[in-house]
Amino acid sequence: MGIGKNINRVDALSKVKGTTKYTEDLIPQNALIAKILHSKIANGIVKDVDVSEALKIEGVLKIVTCLEVPDVDFSTAGHPYSLDPSHADIKDRKLLNKRVRHYGDDVAVVVAVDSIAAQKGLEAIKVTYEEYKPKINIYGNYEVGEPIHKLYPDDVMATMNFYLNEDKERFNKYKIVEELLKTNNFKGNMPDSNLPMKKYEYILPIVQHAHIENIVCFAYMDGNRHIIYSATQVPQVVRRIVSEALEISIGEVQVIKPYIGGGFGNKQDIIYEPLAMYLSKLMGGACISMVSTREETFVNSRTRHGMKITTMVNTEEGKMRMRNRAINLVSNQGAYSTHGHAIAANAITNGFHLYSGSGLQVGTSTSIYSNLPSAAAMRAYGTPQICFAVESQMDDYAKEKGFDPIEFRLENLVKVGAIEPFDTFPIHTNGLDDCIKKGKELIDWDEKKIQYEEFNKNSKVFKKGIGIALFAYKTGIYPITVETSACRMVLNQDGSLQVQVGAIEIGQGSDTVFCQMTSEILSIPEDKINMVSCHDTDISPFDPGAYASRQTYICGGAVKKTAEILKEKILNKAAIMLDFDYDDMDLIDEYIISKSRSEKLESLEKVVLYSMYSKHSTEHLTAEATYTGLNNAFAYGACFADVCVDVPLGKIDIKKMYSIHDSGKIINPRLAEAQVHGAVAMGVGYAIGEEMLFDQVTGKPLNNNFLDYKIPTSMDIPEIEVAFIETYEPSGPFGNKALGEPPIIAPAPAIRNAVLFATGVSINSLPLNPEKLVSAFKEANLIDEE
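Engineer: Just to check I follow, could you spell out the overall build of the protein chain for this structure?
Structural biologist: A count of helices and strands for the protein chain gives 16 helices and 29 strands. A globule of 786 residues ought to have a C-alpha radius of gyration of about 28 Å, and the protein chain, at 28 Å, matches this closely. If one aligns the C-alpha atoms of the protein chain with their principal axes, the spans along those axes are about 90 × 75 × 50 Å. Classification of the 786 residues of the protein chain by burial places 61% in the buried group. Contacts in the protein chain between residues far apart in sequence, at least 24 positions, make up 79% of those at least 6 positions apart.

Shown next, in the form of structure tokens:
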């Protein structure tokens, strides 16, 4: 099907119907308040919990401790169910945890009539611990001691090692991996053993999603129905996990998702929904409200993984063509498995998606438990970390070899027609060459390169730089796991339409895009299409959730399939009503038309009325379909940064960011540009300031609030220019592919590489804060020690 007037519209506005209230706005006034007691140690065992004084406090109704909750382990990952037991998520936590694994772990909960009584109850509880030495720095050689999880005595949750040779053959846990970690050269029976490998090391911090709406849910019972309202990205998964944790039927659980005030992957995990429902059962079905504070959201939800990434590379002799590459990644998983090794695995494989080497490509990744908050999904699922390492390496190596950094990249890019080496799907579209060309033009790269080099020769205090970083990112998760989504459409008697989708609207604008897609096929104007945005697992079509930049690509396929079925039904009914040849009919501008005569035959409204009220053959015109995604596609892009560095102060003034994307066909340009602006802003925060800090002895969080954890404000965000290189991706429902996550991936390395251009100093860790920069500049003798 071609692209018509409703796709690529710049004036398409949201027509989402239903409540615009958030979960916290919907909490009943008579709801009981549940507050959690968090551990004051990072590693140990709860030996005793004394609640006697707490129970005397007026308004305290119930206290449940980790010593009395059901002995049921469950996973919290917002993943689809896996039919393969070897790919199942790790079940390693209970409703409350006797085995304390991080500072702030959940050890007891107070149910009270109001928040004041609940807080007083918490303060009166006395906990006795057997404390172990916390394991904070996983990158050093620490003594394992008491394992954080008994099933993993060395605290290593998982590893994944591989190598790809020139024929892209794969081997798991090949011995070359261990040898590469010990030396800069290939050894033994390997190619090019005489060519040295350049080795680089990069450190990425733990950061938080910092969504404005905190973690919130409430739960109650209606007969045998277990009803949960939650600000979640994965209501269908919440339903399944609650049923597993409480050992009840899935059919007894109803999860309702109102509007969401930001998620960015943090709400792809199940946090307190099982506990809230458990407490409601204990309290006779009463409504239990659980609203986390900002401090709790920082520590008791999820974080982005901190990583240490070592890269090695060499090039063919006398050429820019890369020969052999190796990447070693160590990921700080934190206290609980959450998404398991999936994020580290996604990162290490992504390290080989952008560039190809003519020789051996080796990757190894390890996820290690620590006594820090659990890490899980955050926008782009491990790719910002690996992109920082790979794109920093590209500039570092190019600088040492005297290569132009852009030409070095262009020489080694994966091209259209290549086969993705791990999941083996073909690359149909790749607009990276044009993204780079467009970015160079927008930033005026060639001219500024000359100007800034000359400026930097004559300035000691200020240094100017330009930087580039590229990325590749998959759309959805097929074939690693299932990709499925469903849609339902119901025609009203006036020709308007109700649309329900399984996909989860979390503020990214997916419902607006689905409205455009529906209008494109059925010709019904968007103001007559009513999108039902509130997701209710009892009545909403199925979809695993909002993650992996999959919604427009996968659920868009369900919308297209459903609309086409409904269109066929409309035309069949019109053919009966008008006694006209079905094959000569089409639906355009809400009219049934004759294709051969190019004339209107009847209005859609009258066809619907006939279908609903004909005395001889009534039919309510509806359609429902499930779409199974059996493809994947890479979104690509280039990010450019223009900076000025105040060397003595270690301050980076980001003059402008340029973000250029190949996301296939752009369905809604305004929403697309807004996505890029928001993600680049997050990427700037990742680059220059954000980092969760912990006491290195106790594991206590030091900045789990917005006063001490600095996210960029409107005063900190530079000017951002966005451009799209539109390709037509044949596997997408309308030629589209991923956009929601990709723009966050490359800003940090682009800024870092601009600092390298400006100062000649390689900063190999984030954030690029003044303290770190001044220290590096002093070591490079850019700052006089006066």
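We are not done yet, so read on.
Engineer: Just checking my understanding: could you explain the sheet that holds strand β7 (residues 126-131) for this structure?
Structural biologist: Strand pairing in a sheet takes place through backbone hydrogen bonds and is either antiparallel or parallel in direction. Reading across the sheet, the three strands line up as β5-β3-β7 and stay open at both edges, with antiparallel pairing between neighbours. Each edge of the open sheet is held by one strand with a lone partner, namely β5 (99-100) and β7. Direction of pairing for strand β3 (residues 44-50) relative to β5: antiparallel, over a ladder of two bridges. Within the sheet, the bridge partner assigned to Gly44 lies in β5 and is Val100.

Engineer: I'm lost on the side chain of Asn346 in this one. Help?
Structural biologist: Among the secondary structure elements, Asn346 is positioned in helix α6 (residues 342-350). Owing to a relative accessible area of 15%, Asn346 belongs among the buried residues under this scheme. For Asn346, the residues in contact, after removing those within four places along its chain, are Ala380, Tyr381, Thr383, Tyr473 and Lys474.

Engineer: Honestly, the domain arrangement of the protein chain in this entry has me stumped. Any pointers?
Structural biologist: Put simply, an interface is often sized by how much accessible area is lost when its parts join up. Looking at the assigned domains, one finds that the protein chain contains domain 1 (31-132), domain 2 (306-477 + 631-779) and domain 3 (484-628). Averaged C-alpha coordinates put domain 2 and domain 3 at centres separated by 40 Å. Each partner contributes residues to the interface: domain 2 has 23 residues there, and domain 3 has 18 residues. Interface area for domain 2 against domain 3, summed over the two sides, is near 1,500 Å², with a carbon-plus-sulfur share of 61%. On the domain 2 side of the interface with domain 3, the three residues burying the most area are Ile667, Pro733 and Phe734, jointly 36% of the side's total. Linking domain 2 to domain 3 there are zero salt bridges. Summed over the shared surface of domain 2 and domain 3, the result is nine residue pairs in polar contact (both at pLDDT 80 or more). Elements with a contribution of two residues or more to the side of domain 2 that touches domain 3: β18 (462-474) and α14 (669-688). Grouping the constituent residues of the side of domain 2 that touches domain 3 by class yields ten nonpolar, ten polar and three charged.

Engineer: Even after reading the chapter, I still don't get the side chain of Thr303, so can you show me in this structure?
Structural biologist: Among the structural elements, Thr303 can be located in the loop between α5 (294-300) and β15 (306-315). Non-local contacts of Thr303, meaning those with residues more than four positions away in its chain, are made with Ile206, Val207, His209, Phe298, Pro373, Ser374, Ala375, Ala376 and Met692.

Engineer: Got a minute to help me understand the packing of aromatic side chains in this structure?
Structural biologist: How two aromatic rings sit relative to each other is set out by the distance from centre to centre and by the angle between their planes. Here the structure, examined in full by the defined rule, presents 15 aromatic pairs. Aromatic side chains Phe162 and Phe352 sit 5.5 Å apart centroid to centroid with 80° between the ring planes, which places their arrangement in the edge-to-face category. Of this pair, Phe162 sits in strand β8 (residues 156-164) while Phe352 is found in the loop between α6 and β17 (361-369), placing the two residues 190 residues apart along the sequence. On the basis of relative accessibility, which here comes to 6%, the residue Phe162 falls in the buried class. Taking the ring centre of Tyr547 as reference, the NZ or CZ of Arg550 above it sits at 5.3 Å.

Engineer: Would you take a moment to explain the pattern of salt bridges for this structure?
Structural biologist: Think of it this way: side chains of opposite charge can pair up when their charged atoms draw near. Summed over the entire model, instances satisfying the criterion amount to 35 salt bridges. Residue Lys448 pairs with Asp642 through a salt bridge whose shortest N-O separation is 2.6 Å. A residue pair is termed long-range when its members are at least 10 positions apart, and Lys448 in helix α10 (residues 445-457) and Asp642 in strand β27 (residues 634-646) qualify at 194 residues. If you follow the salt bridges from partner to partner, you end up with Asp71, Asp73 and Lys94 in one network.

Engineer: For this particular structure, what's the right way to read the state of the cysteines?
Structural biologist: Put plainly, a disulfide is one covalent bond tying together the sulfur atoms of two cysteines. Applying the stated criterion to the full structure yields zero disulfides. Looking at the unpaired Cys287, the closest cysteine sulfur is the one in Cys217, lying at 9.7 Å. Given a relative accessible area of 11%, Cys287 falls into the buried group. Unpaired in this structure, Cys555 has its nearest cysteine sulfur neighbour in Cys487, at a distance of 6.3 Å.

Engineer: Explanation requested: the packing of helix α3 (residues 235-246) against helix α4 (residues 273-282) in the structure shown.
Structural biologist: Two quantities define a packed helix pair, namely the angle between the helix axes and the distance between the axes. One way to put it is that α3 packs onto α4 with a least axis distance of 9 Å and a crossing angle of 50°. Classified by the angle between their axes, α3 and α4 sit oblique to one another. As for how α3 packs across α4, the hand of that crossing is right-handed. Contacts from Val238, Ile241, Val242, Ala245 and Leu246 in α3 reach Glu273, Pro274, Met277, Tyr278 and Lys281 in α4. Broken down by class, the residue content of the contact of α3 with α4 amounts to eight nonpolar, no polar and two charged.

Rules and cut-offs
- Residues numbered from 1 in each chain as written.
- Predicted model: local features only at pLDDT ≥ 70, side-chain atom pairs only at ≥ 80, totals over all residues.
- Heavy atoms only, no water.
- Helix = DSSP H or I, 4+ residues; strand = E, 2+ residues; numbered from the N terminus.
- Rg over C-alpha atoms; globule rule 2.2 N^0.38 Å.
- Buried < 20%, exposed > 50% of the residue type's maximum accessible area, 1.4 Å probe, protein only.
- Contact = heavy atoms within 4.5 Å.
- Pairing = 2+ DSSP bridges.
- Domains from an automatic or database assignment.
- Buried area = accessible area lost by both parts, 1.4 Å probe.
- Salt bridge = Lys/Arg side-chain N within 4 Å of Asp/Glu carboxyl O.
- Polar contact = N/O pair within 3.5 Å; in protein donor to acceptor, adjacent residues only side chain to side chain.
- Nonpolar A, V, L, I, M, F, W, Y, C, P; charged D, E, K, R; others polar.
- Phe/Tyr/Trp six-rings, centres within 6.5 Å; stacked < 30°, edge-to-face > 60°.
- Lys NZ or Arg CZ within 6 Å of the ring centre and 35° of its normal.
- Disulfide = S-S within 2.5 Å.
- Axes fitted to C-alpha atoms, helices over the stretch in contact; angles between N-to-C directions.
- Parallel < 35°, antiparallel > 145°, perpendicular 65-115°, else oblique.
- Left-handed = near helix turned anticlockwise from the far one by under 90°.

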